[in-house]
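# Structure assessment
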Amino acid sequence: MSTEVKVLLVIGAVLVAATLAVAIALLVRLVRTRRALRRAGLPVERQWVFWGAVAYLVLPADLLPDPIFLDDIGVLVLALRSMRATDSGVGGRGAQ
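Presented here is a report on the structure given in the accompanying data block.

Cut-offs used in this document
- Residues numbered from 1 in each chain as written.
- Predicted model: local features only at pLDDT ≥ 70, side-chain atom pairs only at ≥ 80, totals over all residues.
- Heavy atoms only, no water.
- Core = buried A, V, L, I, M, F, W, Y, C linked by side-chain atoms within 4.5 Å.
- Buried < 20%, exposed > 50% of the residue type's maximum accessible area, 1.4 Å probe, protein only.
- Helix = DSSP H or I, 4+ residues; strand = E, 2+ residues; numbered from the N terminus.
- Contact = heavy atoms within 4.5 Å.
- Patch = residues over 30% accessible without salt bridge, like charges linked within 9 Å, V, L, I, M, F, W, Y side chains within 5 Å.
- Areas by Shrake-Rupley, 256 points an atom, 1.4 Å probe, with all protein chains shown as cover.
- Salt bridge = Lys/Arg side-chain N within 4 Å of Asp/Glu carboxyl O.
- Axes fitted to C-alpha atoms, helices over the stretch in contact; angles between N-to-C directions.
- Parallel < 35°, antiparallel > 145°, perpendicular 65-115°, else oblique.
- Left-handed = near helix turned anticlockwise from the far one by under 90°.
- Nonpolar A, V, L, I, M, F, W, Y, C, P; charged D, E, K, R; others polar.

On to the nonpolar core. Counting 15 residues, the largest nonpolar core has Ala23, Leu30, Phe50, Ala53, Leu76, Ala79 and Met83 as its most contacted members. Broken down by secondary-structure element, the contributors of at least two residues to this core are helix H1 (3-39), helix H2 (47-58) and helix H3 (70-91). Excluding residues that lie within four positions of it along the chain, Leu76 makes contacts with Ala23, Leu26, Leu27, Leu30, Ala53 and Leu57.

Structure representation (structure tokens):
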């Protein structure tokens, strides 16, 4: 293999590793948010959002091929926002 091909492969591997790290970090935040909601005694009304996001990350069927985790990251961010919205809607600023 030529040097250019090796460099491109290394760059590609670094990009895949970086997107995977972001997806895993978001998954950890999603799990922590779910645990915090349960510990606070708040009902987790949107449990399907949590499990749907986890299933989408784990299952091989994706909108984009698996080396590109942008769709997985998007699903995890949407699930995290949805669960945070549940948190602020039930026990957030409006409730006193």
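A few words on a nonpolar patch on the surface. Where nonpolar side chains cluster on the molecular surface, the patch consists of Val7, Leu8, Ile11 and Leu15 and spans about 390 Å² of accessible area. Summarising the element assignment, Leu8 is placed in helix H1.

Moving on: the environment of Leu26. With respect to the helices and strands, Leu26 occurs in helix H1. Residue Leu26 is classed as buried on the basis of its relative accessible area of 11%. Ignoring anything within four residues of it in the chain, the contact list for Leu26 reads Ile73, Leu76 and Val77.

Relative to each other, H1 and H2 sit at 155 degrees, their axes nearing to 11 Å. By the criterion of interaxial angle, the relationship of H1 to H2 is roughly antiparallel. In terms of crossing hand, the pair formed by H1 and H2 is left-handed. Taking contact as the criterion, the partners of Ala23, Leu27, Leu30, Val31 and Arg34 in H1 are, on H2, Gln47, Phe50, Trp51, Ala53, Val54 and Leu57. For the contact of H1 with H2, the class distribution of residues is nine nonpolar, one polar and one charged.

Function cannot be read off these values alone, since they describe shape.
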